[in-house]
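Each chain is listed here by its residues.
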Amino acid sequence: MAETDVGRPPRDEVDRIVVAWQRERPDLDVRPLTVLSRVSRLARHLDLARRSAFARHGLETWEFDVLSALRRAGAPYRLSPGALLTQTLVTSGTMTNRIDRLVEHGLVERQPSPDDRRGVLVQLTALGLTRVDQAFADLLDVERALLGDLTPEDRERLADLLREVLTPFDDAR
């Protein structure tokens, strides 16, 4: 069996892809694939696992995003639509639509802003709070399982390395 550039036989699909590219394009350094293809594949698995966890609580991913932003705000679990835009990275039209749908489902309510007569705040309802808390606990179980047998030290090291890769993107916003 062909070996990767580090002298080990392929152990996963990414190793097989790397070996094939090394064979077909020996003129290129394909080592970035060893990390980023795994990150990409993991992201797909994480997305499926998250969707499944949220669905068990009757939520779509976008609903969880909005509800969790409100939950993280702390009691009384309310934010302006502008603050929700910042945290969820969607357009104002999209956010208006999302808030409307969450109101219809009884998960949030609009309230007048005490600081601005024209302003509105979006607040979790009791049902929204219960639903987001349950979905979050389920999500953590799913994510813990995805990390498998990594030791706490390995998880911390992986988190540190990923932070180094992501920080320039976050700083550019």
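Remember, predicted model here, so these are calculated numbers, not experimental data.

1. What to know about the overall build of the protein chain
The secondary structure content of the protein chain amounts to 7 helices and 3 strands. N-terminal to C-terminal, the α/β element order of the protein chain is α-α-α-β-α-α-β-β-α-α. Taken against the 2.2 N^0.38 rule, which gives 16 Å for 173 residues, the C-alpha radius of gyration of the protein chain at 21 Å runs more than 25% over that of a compact globule. Judged by the C-alpha coordinates and their principal axes, the protein chain covers about 70 × 30 × 30 Å. Per-residue burial over the protein chain gives 26% buried out of 173 residues. If you take every contact in the protein chain between residues at least 6 apart in sequence, the share linking residues at least 24 apart comes to 43%. Element-wise, carbon and sulfur atoms account for 55% of the exposed surface of the protein chain, whose accessible area totals about 11700 Å².

2. Some thoughts on the pattern of salt bridges
Scanning all chains against the criterion turns up 14 salt bridges. A salt bridge links arginine 71 to aspartate 133; the nearest nitrogen and oxygen atoms lie 2.7 Å apart. Of the two residues, arginine 71 sits in helix 3 (residues 61-72) while aspartate 133 sits in helix 6 (residues 126-146), which places them 62 residues apart along the sequence. By relative accessible area, which is 29% here, arginine 71 ends up partly exposed. Here aspartate 133 falls in the partly exposed class, since its relative accessible area comes to 32%. The structure contains a network of salt bridges with shared partners spanning Asp12, Asp15 and Arg38.

3. A closer look at the environment of leucine 139
With respect to the element layout, leucine 139 can be found in helix 6. Residues in contact with leucine 139, not counting those within four places in the same chain, are Arg50, Ala53, Phe54 and Phe64.

4. Quick notes on the UniProt feature "domain: HTH marR-type" (unreviewed entry) in the protein chain
Mapped onto this structure's residue numbering, the UniProt feature "domain: HTH marR-type" (unreviewed entry) falls at residues 32-167. Along residues 32-167 one finds 69% helix and 9% strand; the C-alpha atoms at either end are 18 Å apart.

5. Brief notes about a nonpolar patch on the surface
A cluster of nonpolar residues, Val35, Leu36, Val39, Leu147, Leu150, Leu158, Leu162, Val165, Leu166 and Phe169, forms a patch on the protein surface that exposes about 840 Å² of accessible area. At 5 residues, helix 7 (residues 152-171) tops the list of elements feeding residues into the nonpolar patch. Inspection of the secondary structure assignment puts phenylalanine 169 in helix 7.

Conventions used here
Residues numbered from 1 in each chain as written. Predicted model: local features only at pLDDT ≥ 70, side-chain atom pairs only at ≥ 80, totals over all residues. Heavy atoms only, no water. Helix = DSSP H or I, 4+ residues; strand = E, 2+ residues; numbered from the N terminus. Rg over C-alpha atoms; globule rule 2.2 N^0.38 Å. Buried < 20%, exposed > 50% of the residue type's maximum accessible area, 1.4 Å probe, protein only. Contact = heavy atoms within 4.5 Å. Areas by Shrake-Rupley, 256 points an atom, 1.4 Å probe, with all protein chains shown as cover. Salt bridge = Lys/Arg side-chain N within 4 Å of Asp/Glu carboxyl O. UniProt positions renumbered as here; feature names shortened; annotations may be inferred. Patch = residues over 30% accessible without salt bridge, like charges linked within 9 Å, V, L, I, M, F, W, Y side chains within 5 Å.

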